[in-house]
Structure formats: C-alpha cells, structure tokens
Amino acid sequence: MHGDFSSTSSTARGIWIQQSLTNVLCEQIHQLALDILLQLGTPDLADHVDVSIGMNERGEFLQLHLNEAKTLAWAPGLDTLALAQRLHLSPQTSPDDLNREIVVAMLMGPIAFEFPSIDELLSSVRIRQNIVQATRKTALAFDTQHAERPQDCWTYHDGLGFTLLPGVPLIKALTKATQPANSGTLYSFSCYRATEYLILLGIAQELEQSNPALLEELQQLWSQRAVMSGEFHDVFLHEQGSMDNPLPAHYYVPGDRTWFRNPDEASADASGFEGSWVMYMGNGEFTNFWKPASPYTLTYKCLEIFHWRHGLYVDESGEAKIDETKVDLLVHESLKNPSEVTRIVALMSRYREPRGVYTDAGGCIDTTREFARWVQPGTSDLVLPKK
C-alpha cells in the first residue's frame, strides 16, 4: 500500500472517506486503509491500492485508489465489462465474487465515490449487492400502458400510484411484485418503474439492518403515496458524470442504473422505446426483465436498439409501434455477420445526444450512472418528501 500523505490528491477518483487525519502518523493511515479493505472483504488488495489524504468542503478525507498498473491490467481504458472475467470471478453465483467486483470497480472509479464514514461505504456496497441479487430473481411482463401488482400487497389510486395495503411490509411487497418465485405471477412493468422497485428494495433491505427508523418512514410514506420518476431520482439517487464530463463509456459498477437511449427519432416515438433503463449486474451483464435467463450484453443491447427502427410500424389507431419479433430476428441475423456487428456497435456505442436532439452523431450510451444515496443514521442524505 502506497501513498503521499503530505498533500491533497490532485485527482478526485476511487473511494473518498471523510476522516479526521490531523497529526495521524503515516503508519496509522496505512493501518486505517488496511482496516477499511478488511471490512470490505478485500484485504489482499492492499498492495495494489494507493492511499492519499486531502481536504474538501466537508473536511479531511482518505482516498483509496487502485494503482495504475492493476487498473490497466484489469480494466484497460476503464472498461469494467470484462473485469469479472479477468479476475476469474463468478458474481452470478458467488456473493463474495460479486462483492469483489463491486469493490475493485469502485476503487478504480474515474470520479470519486464520496462517503462521510466507513459505515456509509459498507452500506453502499451492500445495497449494490442487494440490488444485483434481486435483479437476478426478477422477471416481469413488459407494458408501458398498464401496470399490475399483487392484490394482497398493493392498491392503486390516481395521482398516488401503487401504495401498500395496511400491515404489508414494504420489502415483502416489493419482492412479491418483482420475483415470480414469490408470487407465481409475472406483473406488468415499464423498465423505468422496474429499476425503481429494485433500487428501493435494495435500499430497504439495507435499512432493515442499519437504519430501521428510516425504513419505518419509508413504510409510512409508501402506505400513502409512491415516489416515482424524477422525484424518485432526486430523493434516492446520486448521479455521477455529465454531458460535459462523461464517465468512460464502458465503465460500470454492479448496482449502477443507466439508460440506453434510442438515437432514432422516428422509432423513439413508439411508447416504451425512447430508450431502455437497466441495472448493471456485473460480469458484463445488464438486466433483461422480460427474459431474465438471457441478460443483455452491451453488444446485444446496441444491436437491439439499432434494429428498433426497422421494427417500426403504425397500428390501426395511428400509433407508432415496434414489432419486437421482427427486431429479434434482425438481431440474430446481424449476429451471424461479425463485420455487421462491429459496424452497428461502433455507431451505437457513441455517447447519446441531449434529450430532444437527434442527429447522425449520437449513439445510445449514457454519460452518467446512478446509485443509491447514503443511508446511515446521522449521515444519510436520503431525505424523504412530506407525505
């Protein structure tokens, strides 16, 4: 473990943890960093992590960052899609491997993941684990016009959304709505609403062990109204990156939410096909809520969204629709031609353009990633709206 403890790190990257470090000896800082890696379950990374200290508006911080040699070896160009493969991990089946992929990806972050305490860092990792483990059990029916929920858990009111029935725990209701193994039924969701339920479930499961009082507030809120769409983003999520300072196109941490935009203006008019909201599950896989046994790769997602334009038609009522069967056939035809795959992926893996802008220059890759806010008592920045 290496580090320069005399000055602020010049680059905000990796993991930042607020700590009082004044007059702390170099050996003590090394030990603190090692203790953090130990709590994260990755003490063997100590020899590959650079440590620095600095100051921001909240005070002193300790920065942990995977060194350049390992970053280049494990994720060249900060492409984390093959990170699990390079580290010989199986995050689909091993919780320890999933934890390791999360921690390593965060340690090489090009924009710092900031935390006000070690406990918040640990909560953040656990929430990501919760989300990924839940997504692998999730199967839904795609529908942008109608929505269904288990009738023994939820009720619907215009203007309020789906709310909890009296006495039904939020975690149980979210699990039953998204995991057919618990309900025996595929419920109708849009991809955007599905990501909200999974993020909320991951947060609620963490609150159950770390902040029960906040979980009770969530329970009471959802008994009266749902938090959705833009309000959900503002209340529950941090966002990294921007149009001016985009994250690397292939940099993802398991538990991230991201958007793949449809850059074709005509087919984007079809309801539900403006783009695709997904969670990153690690191992190069993104959620496919409709066919969970076949998670999306970035290549497949690029091909699918590209071919949406070729599945466009207008139905008898004059509404734009997408023939998904035709799209599937076209994707599989493209997959037989490696040069065609290369051409389409090159087009689609460009950064997306701003909302409302459609030219030939934009692809489907978002410039940002979204993940859960802080949740620990005393440091949480998750402020629930008034009921």
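Residues numbered from 1 in each chain as written. Predicted model: local features only at pLDDT ≥ 70, side-chain atom pairs only at ≥ 80, totals over all residues. Heavy atoms only, no water.

Time to look at empty space enclosed by the protein. By the definition in use, this model includes one cavity of 30 Å³ or more. The volume enclosed by the largest cavity comes to roughly 30 Å³. Lining the largest cavity we find F115, E120, S123, S124, I127, A372, R373 and W374. Among the elements that take part in the lining of the largest cavity, helix α5 (residues 118-135) stands out by supplying four residues, more than any other. (1 Å grid on protein atoms, 1.4 Å probe; cavity = no way out; pocket = protein on both sides within 12 Å on 5 of 7 lines; lining within 4 Å. Points joined across faces, edges and corners; volume = space filled by probe spheres on them. Helix = DSSP H or I, 4+ residues; strand = E, 2+ residues; numbered from the N terminus.)

Okay, α5 next. In this model, α5 (18 residues) spans 26 Å end to end at C-alpha, consistent with the 26 Å of a helix rising 1.5 Å per residue. Burial of α5 is extensive: 15 of the 18 residues sit out of reach of the surface. (Expected span 1.5 Å × (residues − 1). Buried < 20%, exposed > 50% of the residue type's maximum accessible area, 1.4 Å probe, protein only.)

Glancing now at the packing of aromatic side chains. Two aromatic rings are characterised by how far apart their centres lie and by the angle between their planes. Overall, the coordinates contain 16 aromatic pairs when judged by the stated rule. Between the aromatic rings of F260 and F286, the centroid separation amounts to 5.3 Å while the plane-to-plane angle is 80 degrees, which identifies the pairing as edge-to-face. With F260 in strand β11 (residues 257-261) and F286 in strand β13 (residues 285-286), this pair connects stretches of sequence that are 26 residues apart. F286 sits in the buried class, given a relative accessible area of 0%. Judged by centre distance (6.0 Å) and plane angle (40 degrees), the ring pair of Y296 and Y300 falls under tilted. When its relative accessible area of 8% is taken as the criterion, Y296 is described as buried. (Phe/Tyr/Trp six-rings, centres within 6.5 Å; stacked < 30°, edge-to-face > 60°.)

Where helix α12 (residues 298-308) contacts helix α13 (residues 324-335), the axes come no closer than 9 Å and their chain directions differ by 125 degrees. The angle between α12 and α13 falls in the class oblique. Crossing of α12 over α13 shows right-handed handedness. Here α12 contributes Y300, L303, E304, H307 and W308 to the contact with α13, which in turn contributes V327, D328, L330, V331, H332, S334 and L335. The class makeup of the residues in the contact of α12 with α13 is seven nonpolar, three polar and two charged. (Axes fitted to C-alpha atoms, helices over the stretch in contact; angles between N-to-C directions. Parallel < 35°, antiparallel > 145°, perpendicular 65-115°, else oblique. Left-handed = near helix turned anticlockwise from the far one by under 90°. Contact = heavy atoms within 4.5 Å. Nonpolar A, V, L, I, M, F, W, Y, C, P; charged D, E, K, R; others polar.)

The next point concerns unusual backbone geometry. The phi torsion at H88 lies on the positive side, around 55 degrees, for a residue other than glycine. Here N283, not a glycine, exhibits a phi torsion of approximately 60 degrees, which is positive.

Here we take up the pattern of salt bridges. Here the structure, examined in full by the defined rule, presents 16 salt bridges. Salt-bridge contacts for E68 lead to R13; the nearest nitrogen and oxygen are separated by 2.6 Å. Here E68 is found in helix α2 (residues 68-74), whereas its partner R13 is found in the loop between β1 (2-4) and β2 (15-18), with 55 residues between them in sequence. The partner of E231 in a salt bridge is R225, and the shortest N-O contact between them spans 2.9 Å. The buried category is assigned to R225, whose relative accessible area is 16%. (Salt bridge = Lys/Arg side-chain N within 4 Å of Asp/Glu carboxyl O.)

What follows is about the layout of surface pockets. Once rolled over the atoms, a probe with the size of a water molecule shows which space is left empty. As a volume, the largest pocket reaches approximately 410 Å³. Lining the largest pocket are 25 residues, and of these N288, W290, Y296, E304 and E324 sit closest to its centre. For the lining of the largest pocket, the secondary structure elements donating two or more residues are β12 (275-282), α12 and α13. Here the residues of the lining of the largest pocket sort into 12 nonpolar, eight polar and five charged. As a volume, the second largest pocket reaches approximately 320 Å³. Looking at the second largest pocket, it is lined by 22 residues, and the ones nearest its centre are A147, R149, F162, R193 and M228. Looking at the lining of the second largest pocket, the element that brings in the most residues is helix α8 (residues 191-210), giving four residues. Residue classes in the lining of the second largest pocket are distributed as 12 nonpolar, six polar and four charged.

Let us look at the state of the cysteines. Within this structure, the stated rule accounts for zero disulfides. Unpaired in this structure, C364 has its nearest cysteine sulfur neighbour in C302, at a distance of 4.1 Å. A relative accessible area of 0% means that C364 is categorised as buried. (Disulfide = S-S within 2.5 Å.)

Moving on to the packing of α8 against helix α10 (residues 229-236). Close contact between α8 and α10 brings their axes to 11 Å; oriented N to C, the two are set at 30 degrees. By the angle between their directions, the pair α8 and α10 is classed as roughly parallel. Crossing of α8 over α10 shows left-handed handedness. Of the residues in α10, those in contact with Y192, R193, E196, I199, L200 and I203 of α8 are S229, G230, F232 and F236.

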